[in-house]
Structure formats: C-alpha cells, structure tokens
Amino acid sequence: MTTVRSTLRSIGAATAVAALLVAGSPASSGTAAAADEIPILGQALTMGTVTAGPPAVVTVHGVQRVDNATIVYWSLGIPDGSQAKFAASYFGPSTLLFRSKRTGVNQSDVTLTDGTAGLTYRPMEPTGKFRTCVCGPSTTMTDLTPRQAQVIWSAVAPLPAGVATVDVTIAEQVIPNVPVGDGPLLPLAENQEAPFVLGMGWPEPDPELLATARTSQPAAFELTQRVSNIEQSVTTSTGEVALAADVLFAKNSATLTAKGTKTVADAAAQIKATETGKALTVTGHADSDGSNSYNQSLSEKRAKAVAAALAEALGGGYTITAVGKGETEPIASNKTTAGKAKNRRVSITYTEGQ
C-alpha cells in the first residue's frame, strides 16, 4: 500500500505525491487506514469546467463493501494558483448536473466498472426530497481554498462478491484497477461534521441515508451495449434500414429526441443514395417489458413518429406506411439487457432499384 502520513493536511504536499502516483501504479489494498496513514489507491488530475490554471487532484482512498451498498471514499484537492471561483467547478458539467438535478444517474457522478464482466455500477439514489445523492455533504467543497483537500464518501450499487478490482469514474475521470475492500475505512474522524480534512480520520457513511436509499434500476449497465447503440444507431442491409430505438426516443416515449431526428435524417440520406422505390414501410418493435397491449401501442406510435420525420426528410414522391409489431418479432433474447435493447428498434424496409 502506498501511503501518505496523516500530517499531510494540505494539497501542496499531496500534489508532490500525486505527480508520482499518477504516473505509477495504484496501491494494492485498501481495507482500512491505520491511525498514522492515508491509503492512496489511485489519483487523477481534473480541470472540470475550469479553463485556466493548474488542475485539481482527485484521489480514491477506498472502495469498500458495506451492507447493501459500495462506499467510495475520495478527496478533492485544490492546487496553489487555482483560478476556480468554486471548487465544485473541478467536478465537470455532468457531475454538477447530477448533483443539482439528479440528472444523468446512468453516467454521471461516481460509478464503478467491472471490466471483466463489462458492467458499470450506478450510484445509489436517495429517497429524501431534498437530497441529490447518497453521499456525504458536498456543499462544503465549494468553500475549499488552495492547498486544501477534503474527503467525501459516495454510495454506489452493491458489487458482486467476486469483484476484486474496479475502475472508478469520479469527477469525470477514470481511475483504473482500484482494489475492493470490506467494511468502512477506519479510524473515524473525531468530529463527524463536514468538512472532513484529509488526514483527520474518515467520515462515517450516514446509516439512515443508506437505509432509505434505492438501488438504481438497472443497478448496472452493459458497456458493450452502450457502445453498440452509438456505433449502430443506423444499420443497413439489403432492403432495410434498422434504427436503434434507444437512440430515437427517451424511455417510454414516442417523441423523437433531437438526436433521433438527426438519425432519421441520416437514414433518409442512405435511402436516397440507394435509389430505392417510392414505397417504404416503417415498423416499430418493442422488447417484452410491459404488457402486450402497451408494447403494441408504443411500437405503433414510434413507427408513426419516425414515418412523419422520414417523410419530411425525404421530401415528396414517397409512400410511407407505419405499422407496429409490439413484442411479437424479437431478434434477440428478451432475457438479457443487451437482447432487449436490440429488440427495441424501428426498421424501414424498401425494394432497391424499383
């Protein structure tokens, strides 16, 4: 374990250690911190939305299993010469949006990736009306001044027992190969009121907040499917253009997103380039989640939305028919997340050269 003595209470000294650790390898274990040491399992430099001056230092101190959650202990250190008005600016725009509006829970804030299984575990969600995350108080981070580092904890969905290391995404930076430990970090800080200054003991995760927290659904998403949805938003084959529904619509919606409208325009350009006939059929498909009648209705509405956008993009001279197949024509298993994503699609069929 690479450690820094507890006398390290300013980021001025931590930055010197960071220069070595960012280039070197992370520590090998992080089960608990003895009274005279601070575990450093990985570090990254971050600018966030700050446009000038030196970067801040994000440090992961522990990824620890507790009952019904995984606790990530981390700190943000502000460097000398910082030109940020608020320390939280170093988080980056997606994390700030998550913390202020609970938006982006799929990707923002703290997540843990099991590269072997290809799964990224999402943050826990609070049930309290005025809580934005299942984490320690973060508002005090806006009060940090240069040469200070503050510790915070964040709760992520429980990791399976066999996961030994994870990649930590925090402040929109990826810190790889962080070992997973058991139980909270010790010793606890004598004063359990924020801010928690690095080297003064560890904050205790709020048991009441953890007890009422929800696990995001799904708790983890498949990395390959996320990449697939981006790379294959428009897939062509002889006589057919297939569009990924996740790219076109928000969940349970039949209104095209801005990205979805562009995707349909791209499909229209491909159809024009193939010199197709003028008769097109737009077919909506759904996965097996929900009732048969709901999926049928949603697939019909989505097909009509794509047909309308396609007609506008193609211009006159085409006959476009919209139909919905619901969940009746799957192309993959509905027993897996990846399979369901493939089944949520809209296809455009035509006869080439006629």
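Going by an unreviewed UniProt entry, the protein chain carries the name OmpA-like domain-containing protein and comes from Ornithinibacter aureus. Quoted verbatim from the Subcellular location (unreviewed entry) field of the UniProt record, the comment on the protein chain reads "Cell outer membrane".

A. Structural context of the overall build of the protein chain. Check the secondary structure of the protein chain and you find 8 helices and 18 strands. Within the protein chain, the proportion of its 354 residues that are buried is 46%. In the protein chain, 68% of the contacts between residues at least 6 apart in sequence involve partners at least 24 apart. When the accessible surface of the protein chain is split by element, carbon and sulfur atoms take 53% of a total near 16600 Å².

B. Here's a closer look at the pattern of salt bridges. Counted by the stated rule, this structure contains 5 salt bridges. Residue Asp182 pairs with Arg65 through a salt bridge whose shortest N-O separation is 4.0 Å. Pair noted here: Asp182 is in strand β11 (residues 181-182) and Arg65 is in strand β4 (residues 56-66), with a separation of 117 residues, a long-range link. Residue classification places Arg65 among the buried positions, given a relative accessible area of 18%. Ionic pairing is found between Lys262 and Asp266, a salt bridge with its closest N-O pair at 3.3 Å. Linking Lys262 with Asp266, this pair stays in helix α6 (residues 258-273), spanning 4 residues, or about one helical turn.

C. Structural context of the packing of aromatic side chains. In this structure the tally under the stated criterion is 1 aromatic pair. With a centroid separation of 6.1 Å and an interplanar angle of 70°, the aromatic rings of Tyr73 and Trp202 are classed as edge-to-face. Remark: Trp202 occurs in the loop between β12 (196-197) and α3 (207-212) and Tyr73 occurs in strand β5 (residues 69-78); sequence separation between them is 129 residues. Summarising the burial analysis for this pair, Tyr73 and Trp202 share the class buried.

Reading the values: rules and limits
Residues numbered from 1 in each chain as written. Predicted model: local features only at pLDDT ≥ 70, side-chain atom pairs only at ≥ 80, totals over all residues. Heavy atoms only, no water. UniProt positions renumbered as here; feature names shortened; annotations may be inferred. Helix = DSSP H or I, 4+ residues; strand = E, 2+ residues; numbered from the N terminus. Buried < 20%, exposed > 50% of the residue type's maximum accessible area, 1.4 Å probe, protein only. Contact = heavy atoms within 4.5 Å. Areas by Shrake-Rupley, 256 points an atom, 1.4 Å probe, with all protein chains shown as cover. Salt bridge = Lys/Arg side-chain N within 4 Å of Asp/Glu carboxyl O. Phe/Tyr/Trp six-rings, centres within 6.5 Å; stacked < 30°, edge-to-face > 60°.

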